[in-house]
Structure formats: structure tokens, C-alpha cells
Amino acid sequence: MEQLKKIKLKNILMLTLTGIINATGVTLFLSPVKLYDSGISGTAMLLGQITPIPLSVFLLLLNVPLFLYGLKKQGTLFTCYAIYVVAVYSIVAGLITDVLPIDVSTASPLAGKDLLLCALFGGMISGIGSGLAIRFGGAVDGIEVMAVIFAKRLGITVGTFVMIYNVALYIICGIVMQSWILPLYSIVTYAAALKTLDFIVDGLDRAKCAIIVTVCPDEICTALSQAFESGMTKLSATGGYSNMEKTMIYFVVNRFQVTRMKDMVHEIDPTAYITISEVADVFPANK
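Here is a short report on the structure shown in this document. The structure displayed is predicted, hence computed values, not measured ones.

## Section: the overall build of the protein
For step 1, the next point in the chain: Summing up its helical and strand segments, the protein has 11 helices and four strands in all.
For step 2, the next point in the chain: On C-alpha atoms alone, the protein measures out to a radius of gyration of 24 Å, which is more than a quarter above the 19 Å that the 2.2 N^0.38 rule sets for 287 residues.
For step 3, the next point in the chain: With the C-alpha coordinates aligned to their principal axes, the bounding extent of the protein is approximately 75 × 45 × 40 Å.
For step 4, the next point in the chain: Counting only residues that meet the buried cut, the protein has 44% of its 287 residues in that class.
For step 5, the next point in the chain: Put simply, of all contacts in the protein between residues at least 6 apart along the chain, 72% involve residues at least 24 apart.
For step 6, the next point in the chain: Separation between the mean location of the 20 positive side-chain charges and that of the 19 negative ones in the protein comes to 7 Å.

In C-alpha cells, the structure reads:
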């Protein structure tokens, strides 16, 4: 019950939008031309094509048990969010295919029978939905939960687990449908979804983390603070070769500020050692 008290209205609203987005991408672009999404969603699409049971039902039947199985590992809040977004996804998919006056039986209402357009836009929209679900505490595919639980036991990464599942899925789709064109285009869908998901989760413009090792920390901190109006962190350090006492400065900038920052640091301390790396998210301290 304590976990359920942490449910936020903002997350519920965004997860509702997520379910609508995913359903739109799948039903308007992928399913009409028999392309396949990745993970459980793709599995549900295949089963929906070869059985009389609709896609919307399989989305619930396959995903919900997986989320409940991962309850202990992922927590009650995540499980509730995930089941909710899959329920919205399933309901909206059912509305689009069976209730609303939209013909999705033989071609995409927006891209026709153009497989490349359907693969790209279906994948991008699916990636947006999956990315938003992750950002707001849920998930739209139970295979990701299984990957977190079983990948380490199998000695592989989570990404490798998901990739193996999807490759196996597309091979099965090719065998069942007796055609390799659609599964191959589905790989394009998967790639577009992955890239879009990365953009949504990590941001279109990642910040840069600069670590500066210097013997002039005060001068550098003052100059950077005045130039960028941003704080930084100083840590004591010792040179591994020289054994000299130095200071390590941790500083976050955007990509447009990197060159200016490096020039300023080397103007003050030409011997300063600087490394730059990407950071996915920056959470300012609460004041």
C-alpha cells in the first residue's frame, strides 16, 4: 500500500498518452501491412494474425503475467504503471481496429502499402511510446522485465537478451508467414524504435561531463563559475606518476560550451588534464 500511495497523477496522464501512442503506431502503420513490432507486442501481432483472437486481447494475455512475475524484482509501483499502460494500449488498439471508422484491414490509412514508410514511422512512434513509458516509471513490453530477471542468470546483457528474443521472433514470423520480406522490414521497425527510444529516454541533446585535473583549482572554478553561471564539485587527487597533490573538478556543460570551457581551462593551467563524457540526465539539487 505504501508503494501505491506514490502513484502520481502526472505519471498516469503521461502513461495514458503512452498507451495511445503505441496503439496508434502499431494499428495504423504496422499491423495493416503485417509488419511486426518487437518483443511481446510483436508476438501478439503474429498470434493475432494466425488466430481469431484480436491483437488487443493478446497484449493483455501475454504482458500482464510477465509483469506480475516480475513484481518482486521491479516493485509494486512499476508493475501497476506497466499494467495500466498496457491496458490503455490494448483498449485503444481495440477501438482503432474494431470500433472507430478507420479501415486498417489491408493498408495503412496514412502510408498505404509502402513497407518502408510503415516500418520507419511505425517504429518511431512505437519508440516514442516505449521511451515515454520508461521515463514515467512503467513499460509497455513484458520482455524487458524478463530480460532484467533472466539476462544475468544466463550470463548475457539485458540488451542481448532482448535482441535474441526479437531475432527468434522474426525468424518464426518468416517461417509461419512463408515470407522473409516482412520480417526483414520488421528489423527496420526495430532499429527505428530503438533509436527513437534512446532519444526519448536519454534526451536529444545530452549534457557533457567534464573532469578537470589541475593544480589551479580556485582560479579555474572562479572562471568557469563566472562564465557559465554554474556550480561544480572539487575533489582532492594525487598524481599517479608525479605523486603531486592535485584537484579534480567535476563540471557539467552542454555540447556548445565544451570548446570554450577547454580553452578557458588551458589558458589558466596549460598542464590541466581534461576528459569529456556524456551524461544522460542532470537533476539539479533541491533548494
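## Considering the pattern of salt bridges
For step 1, the next point in the chain: Going through the model one piece at a time under the given rule, you end up with two salt bridges.
For step 2, the next point in the chain: In this structure, the salt-bridge partner of K208 is E278, at a minimum N-O distance of 3.3 Å. Pair noted here: K208 is in strand β1 (residues 207–214) and E278 is in strand β4 (residues 273–279), with a separation of 70 residues, a long-range link.
For step 3, the next point in the chain: K208 gets classed as buried once you look at its relative accessible area, which sits at 18%.
For step 4, the next point in the chain: Residue classification places E278 among the partly exposed positions, given a relative accessible area of 46%.
For step 5, the next point in the chain: Measuring nitrogen to oxygen at the nearest pair gives 3.0 Å for the salt bridge that ties K234 to D218. Residue K234 is located in strand β2 (residues 233–238), and its partner D218 is located in helix α10 (residues 217–228); the two are separated by 16 residues in the primary sequence.

## Observations concerning the packing of aromatic side chains
For step 1, the next point in the chain: With the rule as written, the count across this model stands at four aromatic pairs.
For step 2, the next point in the chain: For the pair F29 and F121, a centre-to-centre distance of 6.2 Å together with 20 degrees between the ring planes defines the contact as stacked. Separated by 92 residues along the polypeptide, F29 in helix α1 (residues 9–30) and F121 in helix α6 (residues 115–135) bring together distant segments of the chain.
For step 3, the next point in the chain: Both rings, one in F67 and one in F78, keep their centres 6.4 Å apart while their planes meet at 75 degrees; by these two values the pair is edge-to-face. Of this pair, F67 sits in helix α3 (residues 55–69) while F78 sits in helix α5 (residues 76–99); the two residues are 11 residues apart in sequence, bridging distant segments of the chain. Each member of the pair F67 and F78 is classed as buried.
For step 4, the next point in the chain: The side chain of R260 reaches across the aromatic face of F228, ending 5.2 Å from its centre.

## A look at unusual backbone geometry
For step 1, the next point in the chain: At E229, a position not held by glycine, the phi torsion is positive, near 50 degrees.
For step 2, the next point in the chain: Looking at the element boundaries, E229 is found in the loop between α10 and β2.
For step 3, the next point in the chain: Phi is positive for N243, which is not a glycine, with a value near 65 degrees.
For step 4, the next point in the chain: Following the sequence through the fold, N243 ends up in the loop between β2 and β3 (245–253).

## Things to note about the nonpolar core
For step 1, the next point in the chain: Ranked by size, the top nonpolar core spans 54 residues in total, and within it L35, F67 and M146 carry the most contacts.
For step 2, the next point in the chain: Every element with two or more residues in this core is listed here: α1, α2 (39–50), α3, α5, α6, α7 (142–154), α8 (158–177) and α9 (181–202).
For step 3, the next point in the chain: For this core, the leading source of residues is α5, giving 11 residues.

## Considerations on the pairing of β3
For step 1, the next point in the chain: In this sheet, β3 lies alongside β1 in antiparallel orientation, the contact comprising seven bridges. Residue pairing across strands places C209 opposite V252, the latter belonging to β3.
For step 2, the next point in the chain: Alignment of β2 against β3, held across six bridges, turns out to be antiparallel. By the bridge assignment for β3, A237 is matched with K246.

## Considerations on the packing of α2 against α8
For step 1, the next point in the chain: Where α2 contacts α8, the two axes come as close as 10 Å, and the packing angle between them is 15 degrees. It follows from the interaxial angle that α2 and α8 lie roughly parallel. Once α2 is placed against α8, the crossing between them reads as left-handed. Note on element contacts: α8 touches α2 through Y165, N166, L169, I172, C173, V176 and M177, opposite G39, I40, G42, T43, L46, Q49 and I50.
For step 2, the next point in the chain: Split by residue class, the contact of α2 with α8 holds nine nonpolar, five polar and no charged.

Thresholds, definitions, all that
Residues numbered from 1 in each chain as written. Predicted model: local features only at pLDDT ≥ 70, side-chain atom pairs only at ≥ 80, totals over all residues. Heavy atoms only, no water. Helix = DSSP H or I, 4+ residues; strand = E, 2+ residues; numbered from the N terminus. Rg over C-alpha atoms; globule rule 2.2 N^0.38 Å. Buried < 20%, exposed > 50% of the residue type's maximum accessible area, 1.4 Å probe, protein only. Contact = heavy atoms within 4.5 Å. Lys, Arg positive; Asp, Glu negative; His and termini not counted. Charge placed at Lys NZ, Arg CZ, Asp CG, Glu CD. Salt bridge = Lys/Arg side-chain N within 4 Å of Asp/Glu carboxyl O. Phe/Tyr/Trp six-rings, centres within 6.5 Å; stacked < 30°, edge-to-face > 60°. Lys NZ or Arg CZ within 6 Å of the ring centre and 35° of its normal. Core = buried A, V, L, I, M, F, W, Y, C linked by side-chain atoms within 4.5 Å. Pairing = 2+ DSSP bridges. Axes fitted to C-alpha atoms, helices over the stretch in contact; angles between N-to-C directions. Parallel < 35°, antiparallel > 145°, perpendicular 65-115°, else oblique. Left-handed = near helix turned anticlockwise from the far one by under 90°. Nonpolar A, V, L, I, M, F, W, Y, C, P; charged D, E, K, R; others polar.

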